[in-house]
Amino acid sequence: EDSIKIQAGSQMYWMAGEFGSTVPSLLTACEPGYFQDEVLICRPCAPGWVSSGGSVNVCEKCPKGSRANLPEAATGCMNCTEGTHAAEEASVNCTMCPPGSYVNSVGATVCPKCAQGSFQSAFASTACEPCGGNENTLMLGAESKSACQCQKSYFRQSPEDQCVACLEGMSCPFGSDMTNYQAWQSSNRPKTHDPFPLVLESHMSL
């Protein structure tokens, strides 16, 4: 204690270069990432919380869309990078956008799903891949190229081929593929089947 203060009459001379009866804030100041508890002891901020140090008695949560710059005793918050997001406050890590979603800005709180007509199979993506010509997807958030099917009034000979306009006298529901027709034929024509071009009444079959 003598190394900290020297008695000088009714006042104390502190090693911080101040006179007084109370401890100078300089001697009790906490380093960044720490806060003072009720007995002026410096404690580390909890994960996801930050402090600039000094005489602060609370730490602050990192906002949504950001993460703490350290796992514990963090000194600041950092925006999530493109392809990642933080949906909650006080995040220690930003989460990669899952397949079927993307984000192309920093500080994101959500990853939007891929629009219909596009897909994304990778994590942490900043964009979605478009389907081919005359293709679409049934729903938002497609995760693979296989979700891209021929749109209504189009069909293809196989999954590797491009979608072309339905032939005259045929009806082509969404996803029409002639390989589905072949599978239907070889399975004794069950009532339920994957889509393929259908013959309209008064027209000959394929």
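Rules and cut-offs
- Note that residues are indexed from 1 along each chain, following the sequence as it is written.
- pLDDT decides what is reported in this predicted model: residues at 70 or higher carry local features, side-chain atom pairs at 80 or more are listed and counted, and totals for whole chains, interfaces and linings draw on all residues regardless.
- Water and hydrogen atoms play no part in the side-chain values, which are based on all heavy atoms of the structure.
- Between 30 and 60 degrees the pair is tilted, below 30 it is stacked and above 60 it is edge-to-face, where a pair is any two Phe, Tyr or Trp rings, Trp via its six-membered ring, whose centres lie within 6.5 Å.
- Helix and strand definitions here come from DSSP, where helices need a minimum of 4 consecutive H or I residues and strands a minimum of 2 consecutive E residues; each element is numbered from the N-terminal end.
- Throughout this description, buried means an accessible area under 20% of the type-specific maximum (1.4 Å probe, protein chains only), exposed means over 50%, and partly exposed covers the range between.
- You can read pLDDT as the predictor saying how much it trusts each residue, on a scale of 0 to 100.
- Pairs of residues are marked as contacts when any of their non-hydrogen atoms sit within 4.5 Å.

**What about the packing of aromatic side chains?**
Move 1: Taken as a whole, this structure holds 3 aromatic pairs when the rule is applied.
Move 2: With a centroid separation of 5.8 Å and an interplanar angle of 40 degrees, the aromatic rings of Y181 and W184 are classed as tilted. With Y181 and W184 both in helix α2 (residues 178–186) and 3 residues apart, the pair spans about one turn of that helix. Across the pair, exposure class does not vary: Y181 and W184 are buried alike.
Move 3: Measuring from centroid to centroid gives 5.2 Å for Y181 and F196, while their planes differ by 75 degrees, and the two rings are edge-to-face. Within this pair, whereas Y181 is found in helix α2, its partner F196 is found in the loop between α2 and β19 (198–199), the two being separated by 15 residues in sequence.
Move 4: Relative accessible area serves as the criterion here: at 3%, F196 is assigned to the buried category.

**Notes on unusual backbone geometry**
Move 1: The phi dihedral of N134 is positive, around 65 degrees, even though this residue is not glycine.
Move 2: The residue N134 is located in the loop between β13 (129–130) and β14 (135–136) in this model.
Move 3: At R189, a residue that is not glycine, the phi angle is positive and equals roughly 55 degrees.
Move 4: Secondary-structure assignment places R189 in the loop between α2 and β19.

**A short note on the confidence of the model for the chain**
Move 1: Summing up the model confidence of the chain, the mean pLDDT is 89 and the portion of residues at 70 or higher is 84%.
Move 2: Across residues 1–9 the pLDDT falls below 50, and counting only partners more than four positions away or on other chains, this stretch makes 14 contacts in the model.

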